[in-house]
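Results of the structural survey
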Amino acid sequence: MSRRNVLATTAGVAAAASLLDGSPASAEELAGGGGSAPQGPDFADLSWLEGKPAETPGSTWGVPWGRGRFPGDQQFKLVGDDGADVPVQTWPLAYWPDGSLKWTGHAVGPDATAEHLTLSAGEPASPSTPVTVSESWKHIDIDTGVITARIAKWGTDLIKHVKRGDRTIVTCGHLVNITQAEAPDPETSSVTRERYTSKVEEVTVEQDGPVRAVVRVEGHHRKNEGGKKSWLPFTVRLYFYAGGESFRMVHNFIYDSDGSEAFIAGLGVRFKVALTDELYDRHVRFVGEGHGQLTEAVKGITGLRRNPGDAPRRAQIAGQALPDPSTWDQRVTARLHWIPTWGDYSLSQLTSEGFSIRKRTKAGHGWVPVDQGGRASGFGYLGGPWGGFAFGMKDFWQRHPTGLDIRDAHTDTATVTLWMWSPEAQPMDNRFYHDGMGQDTYEKQLDALDITYEDYEPGFGTPYGVARTTELQFWVTEATPSRERLGHMADVVRAQPQVIAPTEHMAAAGAFGGMFGPVDRSHPVKAEVEDSLDFFFDYYRSQQDERHWYGFWDYGDVMHSMDPDRQTWKYDVGGYAWDNSEISPDMWLWQAYLHSNRADVFRFAEAMTRKTSEVNVYHLGEWAGLGTRHGVQHWGDSSKQVRISNANYRRYFYYLTADERTGDLLHLLSDSEKTALVLDTGRKIRDPEDDYVPDPTALDISFGTSWAALAAAWLTEWERRGPDWEACREKVLGTMETIAAQPNGFAQGSAKYNMETRRYAIAQQPVVERSNLANAFGRIEICAELILTVDMPEFEADWLRYSRFYTASRQEQEAEYGGRFADLFLYAYARANAFVYLRTGDESQAEHAWHRFRNPIKSWEIFPDPDRQAEEVADTLNPSTWYWIATNEIAQWGQAAVQILAMAGDFVPDE
């Protein structure tokens, strides 16, 4: 992008101070009178992430708009590439401070089949069969025009029934949990297991059409047979689209145990399926790898000693109604009762590398092996010519141990269970992995930290309050789908069809600060950087598969550092194991997607966000809102910080997909500064004579990693107009103003934060606080977005000053500030210099950004040359050549590459 284009599309906001109260903008202000904010286009050309899907149950996505482009109540229309109107539902996701739309959420139903779509202001088309919601005192009914679902307001069942026409096909949709009190031990001879089912406690309609309806169901798992014992709080959202024959479920549960007393031996979702077809007309389907399928009937009439005839055999394989048995070869018809009926089928994916299928006639009889394979899709079907139930779980093999069960298919009512944790596996074991090794004082813990990089403290390695979200999809069909369609339905389960806006639109609208642009290989140096970006992502994707970074709690994360001697990642070495968002790999991946629009990058980032926003974060208890630093276990390290629960990492996924579950977490984080009252993050390094007592008027919240995460959460709550948006607006404005007012501004490093005034105290003396990580957890990015959002010249001036000097020489830093900054990641932090150029036009800053980025000053820092990197990876005998593999290096380099290319691309060096 040229300097002129960049400045035109991502120039900063100069909003009038009177507009900061969130009141609607005037016509003059919406016309651009409020300042030089990026407005971007007044339409969005949209497409599908993986290309036009062959099957879609509906899709939901977000689109950004420049400040003042549209008023808060703007309606939107959607047009396909054939010129036809496409029914669309729209709602606001975020507002600019003047009340104009910043992000909008949109939904289309399964009839949206155009390859390209255009979104613009206008009256939306209405669906021919809108989804409707009706509510009574005991249930909620959803009607898509094809299926109707009844959602219970209390009791065991979340879904009472699903009908297609007059026929009830699915009933008793509920959650199941199997728990054992004893620790998992394969040699335990007698283990007592308890069974729990869902207990619905609260049901809320969040959207009621006309294109999409959303119902939120909350509750706990309660012990069967009227027991009062309950645990595992859950939130389930059910999604229905106009004209759809399917519904989606997003299931979240919170693990409310310390892991030492109750062990999950099974966790799933279960339905009853009505079957009225003849046994030979009941069909079972599992889709394995690709579109490969198990194609069987409950009573098979193929492969027999006698041939019933071509017509019945072909019909059974195709899943169609068989002709009347009187037309078959009577040697078969007369002996149908001797053919076994197979009522139970089970598919188990106990590792990422293998699944197995088995079946039996009924309970009490032996299982017969059917087949084995590698990585199942997680999709199955049970039904017949008069209707059926298709079901699937996203990330099925990646989130092992999982399973799909069909039971009693030989009766009038079968049971289908999707196991998020299969009872065929060993029970879940979340106990801490060592006994503390005598680390009973801070002195010992810090000494151990110096060797294993693990920050241990007794009682802190608890999983109490971590969570996991699983996505499921269900269809209620009028007949058994064709083999081809079943394959396409499995593809939907693997990856929900996703509508996207292109990079150019996102950047022009100033999304996430707008510090990215499209892929550009027009110059040799740019091409080299682009190749390196691709190399690093492809390397991590290949490592995920080669090292099997999969599993229920693990999938989506990456490892922190390599061990060259063992030629593996340091999976068992303290803080070098799971990365847990250390130094922002989440942001690297999302920015790499925004830069490239690559589907594989999006899916990798999506899986990381699902994992890091749930497993890394505490959702219950006194630490709710805090995240856990990197370690052998995701919750094991005693360092609990907002820099890990970081809203900066979640905002991308939320705004790109309008995902409500991620929205819940963003709201949770909007007051996570309160955790400073219950946990002193500096407790181990504080002066022993300092009898520190948390004071709400004088909390230790630094301007670096902590403020960056909090500011992102506050801004998100403000712009979403969440329940606490007014308080969060005051926190954003108060901290921006009082950071800028410090004697040394951002370089001051920290000050006492007052929760009552929502401002920092102003220090009396200038100091320079050194920190290598201050910019590594989203501060550069959130400051850019704040500058685009809030008209506060003093804040912008201080941030630009700080950005100029952070990567300057020590002598320049000392001359300007009276002290020097840190000296790590300067090549990556040079992206802040590119932002200075973007805002001021100072070409020396653009040149400096490229110079620092291309010439790291540390011998171990990344050299952006994929050929050299590959050569060094192969050199396993030299530990120094493996250091660059550390995730933190790659994540910071990747963010810098994307941003410097976009903001200072016209000053790329010739050599």
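Bear in mind that the values here come from a model prediction, so they are computed numbers and not experimental data.

**Remarks on the packing of helix α8 (residues 524-546) against helix α10 (residues 599-614)**
Their axes nearest at 11 Å, the elements α8 and α10 cross at an angle of 55°. Classified by the interaxial angle, the pair formed by α8 and α10 is oblique. Handedness of the crossing formed by α8 with α10: left-handed. Of α10, the residues touching α8 (which contributes F537, Y540, R541 and Q544) are D600, V601 and F604. Its residues assigned to classes, the contact of α8 with α10 shows 4 nonpolar, 1 polar and 2 charged.

**Structural notes on the environment of R521**
When you line up the elements, R521 lands in the loop between α7 (503-508) and α8. In sequence terms R521 and S346 are 175 residues apart; their C-alpha atoms lie 50 Å from each other. If sequence neighbours within four positions are ignored, R521 has contacts with A527, E530, D531 and D534. A polar contact of 2.8 Å, which involves the side chain of R521, links it to the side chain of D534.

**Comments concerning the sheet that holds strand β28 (residues 499-500)**
A sheet is described by the order of its strands in space; here 5 strands give the open sequence β4-β3-β7-β1-β28, paired in antiparallel fashion. Among the strands making up the open sheet, the edge pair consists of β4 (85-86) and β28. Here 5 bridges tie strand β3 (residues 76-80) to strand β7 (residues 117-121), and the two strands are oriented antiparallel to one another. From the neighbouring strand, V79 faces β7, where its bridge partner is T118.

**As for the packing of aromatic side chains**
Overall, the coordinates contain 65 aromatic pairs when judged by the stated rule. Seen from their ring centres, W103 and Y655 are 5.0 Å apart, and the 15° between their planes marks the pair as stacked. Residue W103 is located in strand β6 (residues 101-108), and its partner Y655 is located in helix α12 (residues 647-657); the two are separated by 552 residues in the primary sequence. Of the two residues, W103 and Y655, both sit in the buried class. Look at W590 and Y593: their rings are 6.3 Å apart centre to centre, the planes differ by 85°, and that puts the pair in the edge-to-face class. Of this pair, W590 and Y593 both sit in helix α9 (residues 585-596), 3 residues apart, which is roughly one turn of that helix. In terms of burial, W590 and Y593 fall into one category: buried. Cluster of aromatic residues (ring-pair linked, three or more members): W707, F746, F795, W799, Y802, F805, Y806, Y817, F821, F825 and Y829. A cation sits over an aromatic face here: R721 above W725, 4.7 Å from the ring centre.

**Details of the sheet that holds strand β5 (residues 89-95)**
In spatial order, the strands read β2-β6-β5; together these 3 strands make up an open sheet with antiparallel pairing. Since the sheet does not close on itself, it has two edges, and those belong to β2 (59-64) and β5, each with one partner. In this sheet, adjacent strand axes meet at a mean angle of 25° when their direction is disregarded. Looking at chain direction, β2 and β6 are connected through 6 bridges and run antiparallel. Considered in β6, the bridge of P64 is made with W103. Those strands touched by helix α14 (residues 705-720) are β5 and β6, and its axis lies near 135° from that of β5.

**Some points on the side chain of D455**
Within the secondary structure, D455 is located in the loop between α5 (442-452) and β27 (466-477). Residue D455 is classed as buried on the basis of its relative accessible area of 14%. Every residue in contact with D455, bar those within four places of it in the chain, is listed here: L449, R629, D637, S638, S639 and K684.

**Digging into the pattern of salt bridges**
Here the structure, examined in full by the defined rule, presents 70 salt bridges. Residue R610 is joined to E471 by a salt bridge in which the shortest nitrogen-to-oxygen separation is 3.1 Å. Residue R610 is found in helix α10, and its partner E471 is found in strand β27; the two are separated by 139 residues along the sequence. Take R610 and E471: they sit in the same class, and that class is buried. Of the charged contacts in the structure, one is a salt bridge between R598 and D600, with a shortest N-O distance of 2.8 Å. Residue classification places R598 among the partly exposed residues on the basis of a relative accessible area of 22%. Overall, D600 belongs to the partly exposed group, its relative accessible area being 26%. One network of salt bridges, in which partners are shared, links E206, R216, E218, R237, E614, R661 and D664.

**Quick notes on the nonpolar core**
Residues L46, F474, W707, F795 and W850 are the most contacted members of the largest nonpolar core, which totals 231 residues. In this view, F795 contacts W707, M736, A740, F746, C783, L786 and I787; residues no more than four positions away in its chain are not counted. The next biggest cluster of nonpolar side chains, apart from the first, holds 10 residues, and it includes F379, Y381, M489 and A490.

Rules used throughout
Residues numbered from 1 in each chain as written. Predicted model: local features only at pLDDT ≥ 70, side-chain atom pairs only at ≥ 80, totals over all residues. Heavy atoms only, no water. Axes fitted to C-alpha atoms, helices over the stretch in contact; angles between N-to-C directions. Helix = DSSP H or I, 4+ residues; strand = E, 2+ residues; numbered from the N terminus. Parallel < 35°, antiparallel > 145°, perpendicular 65-115°, else oblique. Left-handed = near helix turned anticlockwise from the far one by under 90°. Contact = heavy atoms within 4.5 Å. Nonpolar A, V, L, I, M, F, W, Y, C, P; charged D, E, K, R; others polar. Polar contact = N/O pair within 3.5 Å; in protein donor to acceptor, adjacent residues only side chain to side chain. Pairing = 2+ DSSP bridges. Phe/Tyr/Trp six-rings, centres within 6.5 Å; stacked < 30°, edge-to-face > 60°. Buried < 20%, exposed > 50% of the residue type's maximum accessible area, 1.4 Å probe, protein only. Lys NZ or Arg CZ within 6 Å of the ring centre and 35° of its normal. Salt bridge = Lys/Arg side-chain N within 4 Å of Asp/Glu carboxyl O. Core = buried A, V, L, I, M, F, W, Y, C linked by side-chain atoms within 4.5 Å.

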